[in-house]
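# Working through the structure, step by step
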Amino acid sequence: MFFKFISFAFLCFPFFIFGQSNNVHIDLTSQSYGELKVIHQIDELSDENNMLIFPSIIPGMYEENNFGQFIYNVEVTYKDGSKLIPKQKKTNAFILKNPSGIKQIEYTAKQTHQISPLSVGIFKPAGTNFNDSSYYLLNFHAIVGYFEGLQESAYKIHVKKGDRQGIGALEVEAKNEIDIIKAETYDQLVDSPFLYTTFKENDLIEFQVNNMQVQIAVYSENEIVNAAYFADEIKTIVTEAAQNELLNSYLPNKYCFLFCFEYSNGLMQGALEHKSSSVYSFYTDTTGLVDLVSETVAHEFYHVLTPMNLTSNLISPYNFYDPKIFSGHLWLYEGVTEYLAYKNNLAAGLMNKEEFFMMLKNKDKSTLYYKKHSMLDASQNILSKKSQDYFGNYYDKGALVGFYIDYLITMESNGENNISTLLTYLLRKYGKDKPFDDALLLEELSSKFEAIRPALYACIVGKEDVPLDSLFSDLNIRIEESEDSISYNRYTYGFRGMRYLAKGKYFTTTSSRINDETGLKKIEIHEINGIPSEYCSFLDFFESNADDMVLKIKANGMIKEVTLKPELNSGAYHPTIAVLPPAGSNEMRTIQHLIKF
């Protein structure tokens, strides 16, 4: 997963062996806004298959989302024509009486993308959108369940699509306006999202890298951003990755990048990985978009290594319904993946060495926002509220751990080995069909690569920081203020702090120009430019332009309209840069060994 504020599909085979078969029917042409009618038919059930289960949690998401909350109006139809409304158990399961007599189950699936982008909802790349006038994002874990004991059974999803086109990594049999999506197991179905929309020119771009078919599919609310906007960068990233021996053996036959760009995504901008695809949810704002896409795509694509193929016995097979304990190695799944993504983009020419090392320094600064904690313990307990507070640090400290391991192996081997050597060892010993023992991984790595033992136990098991400044000093890398300055011109409306109250569906501010001018301590903001606050985003206050902002505010029990004129702030600053040692120096030769794959 990748998020700002801040991420599973199998190889496509031409033939499937279907045993116990689930046939699920979805009609995109006759849905109510935000809802889908679903009919789930099954060949035969036994008494042991007495629950229809929807996931509590899914791979790539490190919190319980309880997707059963989006399933309504469930009705069981029996072979004798009788009907029954089943009882719901703990949000995510429906109890089935006399399962052997069941013919089909009908229900309504509500989209997870809330009308209000700031209401409590699901991380958008993991959610669903059912909107006839825009797009359908089908993440099947929020639409389709599995019967207890039949997680390994096959699925056929019959999608009546009308004039829309669906893009996803699974095999599709097209019959007139019906797509039949085929999955060998429920896990594979969950791992295989589809994007349905009416693609316009340049919304869909395809190319080939080695033997892998690559598709970039884009829905854009403003119709400005399309696949051509960043296709060259994605092709560069994937081509570079495909040349990497570490990744090459694990590339699928087909990989799909599914993008959704909307005016307001609340706080849910980011991406989610799958084995043969990834889903992205971004704002339509094009400022810095190509860099953001390049950064995020590389991260999601490198998840093909871990946890897709290199994974723990605690999450393989995956427990969708009642997870007890999580793997302790988020530092590997997210941190090392983040580090490898930047190494890939450096090798691909999308960033230079100075930017690469400045990125590491910025991550080092970001770790200061987190309390000292054991990354191993927090990962094992990531489903707890306390550990959730540390999640973002796996992208910061976790990436620094990746660099630390890389540095120590490189130095110990005089440049002969690096972090790729470690990952190659693990992938050859384990892999998608043989998970590693979660409790033994760190000791195994320490025994095989003795130089990294102190780092693993100090920075992953323990609470110590990665000694980045010391490592930079050894490499003669200096962090300095640039002599060059960068000018800026930016409009602001004078907001310094903002909160959103989901229960009341309005913003509050105690620190803004309005507070200063009126002397009011607390102001409620109920509308922005005529749009109710529940449909707006924090970015509306801080990403300003030259237009007036009209607010409907409430203070001291009175509601009134206020017009804010933007203020132009101009200035210049000297950016912080990484200064590398001279070309030809011993330190630069070490750096060259370090940054290679």
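Residues numbered from 1 in each chain as written. Predicted model: local features only at pLDDT ≥ 70, side-chain atom pairs only at ≥ 80, totals over all residues. Heavy atoms only, no water.

When we look at a pair of aromatic rings, we describe it by the centre distance and by the angle of the planes. Counting across every chain of the model gives 36 aromatic pairs. Judged by centre distance (5.7 Å) and plane angle (90 degrees), the rings of F54 and Y107 are edge-to-face. Of this pair, F54 sits in the loop between β4 (51-53) and β5 (71-78) while Y107 sits in strand β9 (residues 102-110), placing them 53 residues apart in sequence. Looking at F54, the relative accessible area reads 0%, which means it is buried. Overall, the relative accessible area of 2% leaves Y107 in the buried class. (Phe/Tyr/Trp six-rings, centres within 6.5 Å; stacked < 30°, edge-to-face > 60°. Helix = DSSP H or I, 4+ residues; strand = E, 2+ residues; numbered from the N terminus. Buried < 20%, exposed > 50% of the residue type's maximum accessible area, 1.4 Å probe, protein only.)

With that settled, the discussion passes to the environment of E75. If you trace the backbone, E75 turns up in strand β5. Between the C-alpha atom of E75 and that of I105, which follows or precedes it by 30 residues, the distance is 5.7 Å. Residue contacts for E75: discarding those within four places in its chain leaves K83, L84, P86, Q104, I105 and E106. (Contact = heavy atoms within 4.5 Å.)

A word on the nonpolar core. F257, F259, W331 and F357 are the most contacted members of the largest nonpolar core, which has 155 residues in total. The leading source of residues in this core is helix α9 (residues 393-412), at eleven residues. If near-sequence neighbours (up to four positions away) are discounted, F357 is found in contact with F403, F472, I477, A578, L580, I591 and I595. Of all hydrophobic cores here, the second largest spans 19 residues; its members include M498, F507, M549 and V562. (Core = buried A, V, L, I, M, F, W, Y, C linked by side-chain atoms within 4.5 Å.)

It is worth spelling out the sheet that holds strand β10 (residues 129-130) at this point. The sheet built from four strands is open, its strands ordered β10-β11-β17-β14 with antiparallel pairing. The open sheet has two edge strands with one neighbour each: β10 and β14 (165-167). (Pairing = 2+ DSSP bridges.)

Our next topic: unusual backbone geometry. Geometrically, the link from T306 to P307 is a cis peptide bond, its omega value of 10 degrees lying close to zero. Structurally, P307 is set in the loop between α4 (289-302) and α5 (330-347). Cis geometry is found at the peptide bond from S316 to P317, where omega equals 5 degrees. Structurally, the position occupied by P317 is in the loop between α4 and α5. Positive phi outside glycine occurs at N210, with the angle close to 55 degrees.

Here the focus is the sheet that holds strand β15 (residues 171-175). The sheet built from eight strands is open, its strands ordered β6-β5-β9-β3-β2-β13-β16-β15 with mixed pairing. Of all strands in the sheet, those with a lone pairing partner are β6 (83-84) and β15, marking the two edges. For strand β2 (residues 21-27) and strand β3 (residues 35-42), the ladder comprises five bridges, and the chain directions are antiparallel. Bridging across to β3, V24 finds its partner in H40.

This brings us to the pairing of β9. Across seven bridges, the pairing between β3 and β9 is antiparallel. Within β9, the position partnered with E35 by the bridge is K110. One ladder, built from six bridges, connects β5 with β9; its direction is antiparallel. Of the residues in β9, the one forming a bridge with T77 is Q104.

Here helix α6 (residues 353-366) spans 20 Å end to end across 14 residues, near enough to the 20 Å set by a 1.5 Å rise per residue. Buried within α6 we find F356, F357, M358, M359, L360, K361, K363 and D364. The elements touched by buried residues of α6 are α5, α9, α13 (468-474), β23 (478-481), β32 (576-579) and α16 (586-595). A distance of 3.1 Å separates the backbone nitrogen of E354 from a side-chain oxygen at the start of α6, and that oxygen is part of N352. (Expected span 1.5 Å × (residues − 1). Polar contact = N/O pair within 3.5 Å; in protein donor to acceptor, adjacent residues only side chain to side chain.)

For the rest of this paragraph, the subject is the pattern of salt bridges. Evaluated as defined, the whole model comprises 25 salt bridges. Between D364 and K361 there is a salt bridge, and its shortest N-O distance comes to 3.5 Å. Of this pair, D364 and K361 both sit in helix α6, three residues apart, roughly one helical turn. Comparing D364 with K361 shows no difference in burial state: the two are buried. The partner of E480 in a salt bridge is R478, and the shortest N-O contact between them spans 2.7 Å. The class for E480 is partly exposed, based on a relative accessible area of 33%. Looking at R478, the relative accessible area reads 37%, which means it is partly exposed. (Salt bridge = Lys/Arg side-chain N within 4 Å of Asp/Glu carboxyl O.)

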